[in-house]
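# Structure assessment
Below, each chain spelled out in residue letters.
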Amino acid sequence: MNIIGIVCEYNPFHNGHLYHINIIKELYPDSLIILVLNGYFLQRGEISIISKEDKTSLAIEYGVDIVLELPFVFGTQSADIFADNSIKILETLKCQFVVFGSECNDIQKLNSLCDYVVNNENEYNKDIKKYLKEGVNYPTALAKALNTDFEFKPNDLLAISYIKAIKKNNYSIKPLAIQRTSDYLDLESKDNIISASNIRNKLNNKEDIKKYVPKKVTNYINNVDYDKLFELLKFKIITDDNLNAYLDVDEGIENRLKRVITETTSIEELIEKIKSKRWTYNKIRRMIIHILIGLTKEDNGNIVLNYIRPLGFNSKGKDYLNKIKKNLNIPLRVNKDYLL
């Protein structure tokens, strides 16, 4: 039996995610699929429109055997931290492969780029910081640091983070790519498979999304009240005199937050007012989530992945967990109702 790992956020679960699962089952008919799932708060600082409990139910309904939680502290940070801990969980559960979407679908090219990064880490990190300080975006900084004309797109960037995690830690898990069939940045397409961003955009525009998601998904979609969230954020920023204690509040940005918060009426407007070449949209959104939740730099420095929490599994998944649970170097923390 092949043990296959995937990492997803399912915001929302859509036809592309179902395609991902079905392709794995076609490639590896005798397989068990383990999902590392990001829950309520996501890597780009967004709030999931489907709860982690409902995402777990949908994943199992549509073919996943085991769903494991990616803890909040790792799921709302940079792609490298997000990927490093996701791969660590899959490696711990003895996955043989991690399968992810890729725009280029060229695993040899991705591996080659990662070999350079891992073998020249100090020089690479220095170059990345230098180019980011010059004001270019991360994909451009990466291309410059690697001296390549390769066009880095969102899923390929995340793929590189996954592969780096494997190589740096000398893991046995092998990376496999599946062709990404939709453009993350395309918010207009009406094909059967479109990005989650496109679906959320259509929801915001009151468009019907039933064409783009499996049948049961629309029953689970929630409305995120960003107006209420902004009021909570505003209160926190105005009343907290120690904002720089929170994760990602760096370089004096707390002063800009204090200065502009009373002039803004929404989270989006706040981001636009403080966004800069150094402070990207996604980085600010992650910072906002950390302020709202109260995650401090000190907290972050003390947190390690010392247990793995299953969110759900089918009977096949339960049998597998029972088989391997005594041989894991990171223990499972299982809800007592599951009776493992």
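Cut-off values and rules
Residues numbered from 1 in each chain as written. Predicted model: local features only at pLDDT ≥ 70, side-chain atom pairs only at ≥ 80, totals over all residues. Heavy atoms only, no water. Helix = DSSP H or I, 4+ residues; strand = E, 2+ residues; numbered from the N terminus. Rg over C-alpha atoms; globule rule 2.2 N^0.38 Å. Buried < 20%, exposed > 50% of the residue type's maximum accessible area, 1.4 Å probe, protein only. Contact = heavy atoms within 4.5 Å. Lys, Arg positive; Asp, Glu negative; His and termini not counted. Charge placed at Lys NZ, Arg CZ, Asp CG, Glu CD. Core = buried A, V, L, I, M, F, W, Y, C linked by side-chain atoms within 4.5 Å. Pairing = 2+ DSSP bridges. Axes fitted to C-alpha atoms, helices over the stretch in contact; angles between N-to-C directions. Right-handed = clockwise from strand over helix to strand, strands pointing away. Parallel < 35°, antiparallel > 145°, perpendicular 65-115°, else oblique. Left-handed = near helix turned anticlockwise from the far one by under 90°. Nonpolar A, V, L, I, M, F, W, Y, C, P; charged D, E, K, R; others polar. Salt bridge = Lys/Arg side-chain N within 4 Å of Asp/Glu carboxyl O.

Within the protein, the regular secondary structure consists of 15 helices and 6 strands. Radius of gyration (C-alpha) of the protein: 20 Å, near the 20 Å computed for a compact globule of 340 residues. Each principal axis of the C-alpha distribution contributes one length, and for the protein these read about 60 × 45 × 45 Å. Burial analysis of the protein (340 residues in total) assigns 49% to the buried set. Contacts in the protein between residues at least 24 apart in sequence constitute 70% of all its contacts with a sequence separation of at least 6. With 48 positive and 45 negative side-chain charges, the protein shows a separation of 3 Å between the mean positions of the two kinds.

By size, the foremost hydrophobic cluster in this structure holds 53 residues, and its most contacted members are Ile34 and Phe152. Here the element with the most residues in this core is helix H8 (residues 154–168); it accounts for 7 residues. Among residues more than four places away in sequence, those in contact with Phe152 are Leu113, Pro139, Leu142, Ala143, Leu146, Leu157 and Ile160. By size, the runner-up hydrophobic cluster in this structure holds 52 residues, among which are Cys8, Ile21, Val249 and Ile253.

The strands that make up a sheet are held in pairs by hydrogen bonds between backbone atoms, and each pair lies either parallel or antiparallel. Pairing is mixed across the open sheet formed by 6 strands, whose spatial order is E5-E4-E1-E2-E3-E6. With partners counted over all chains shown, the strands left at the sheet margins are strand E5 (174–179) and strand E6 (310–313), one partner each. Neighbouring strand axes in the sheet, compared pairwise and without regard to direction, differ in orientation by 25° on average. Bridging between strand E1 (residues 2–8) and strand E4 (residues 97–102) involves 2 bridges; their strand directions are parallel. Bridging from a neighbouring strand, Gly5 pairs with Val98 of E4. The sheet contacts of helix H5 (residues 107–119) involve E4 and E5, and relative to E5 the element is tilted by about 135°.

Most of strand E2 (residues 31–38) is tucked away: 8 of the 8 residues are buried. Here E2 shows two buried faces, one formed by Ser31, Ile33, Leu35 and Leu37 and the other by Leu32, Ile34, Val36 and Asn38. One ladder, built from 7 bridges, connects E1 with E2; its direction is parallel. Opposite Cys8, over in E2, you have Leu37 as the bridge partner. Between E1 and its parallel partner E2, the chain crosses via helix H1 (residues 15–27), and the hand of that crossover is right-handed. The parallel pair E2 and strand E3 (residues 66–70), bridged by helix H2 (residues 52–61), forms a crossover whose chirality is right-handed.

Next up on the list: the environment of Cys114. Topologically, Cys114 is positioned in helix H5. When its relative accessible area of 0% is taken as the criterion, Cys114 is described as buried.

Between helix H4 (residues 79–92) and H8, the shortest axis-to-axis distance is 8 Å and the interhelical angle comes to 50°. The pairing of H4 with H8 is recorded here as oblique in orientation. Considering only the axes of H4 and H8, their crossing is right-handed. For the pair H4 and H8, the contacting residues are Ala79, Asp80, Phe82, Ala83, Asp84 and Ile87 in the first and Leu158, Ser161, Tyr162, Lys164, Ala165 and Ile166 in the second. Looking at the contact of H4 with H8, its residues break down into 8 nonpolar, 1 polar and 3 charged.

Once that is clear, we can look at the pattern of salt bridges. In the structure shown here, the tally under the stated rule is 11 salt bridges. Taking the shortest distance from any N to any O, the salt bridge between Glu69 and Arg309 comes out at 3.1 Å. Separated by 240 residues along the polypeptide, Glu69 in strand E3 and Arg309 in the loop between helix H14 (297–302) and E6 bring together distant segments of the chain. Judged by relative accessible area, Arg309 falls into the partly exposed class, the value being 34%. What emerges from the salt-bridge pattern is a single network uniting Lys52, Glu69 and Arg309.

With that out of the way, let us pick up the environment of His290. Residue position: His290 is located in helix H13 (residues 281–293). Taking relative accessible area as the criterion, His290 reaches 0% and is therefore assigned buried. Considered as a pair, His290 and Thr76 are 214 residues apart in the sequence and their alpha carbons are 8.3 Å apart.

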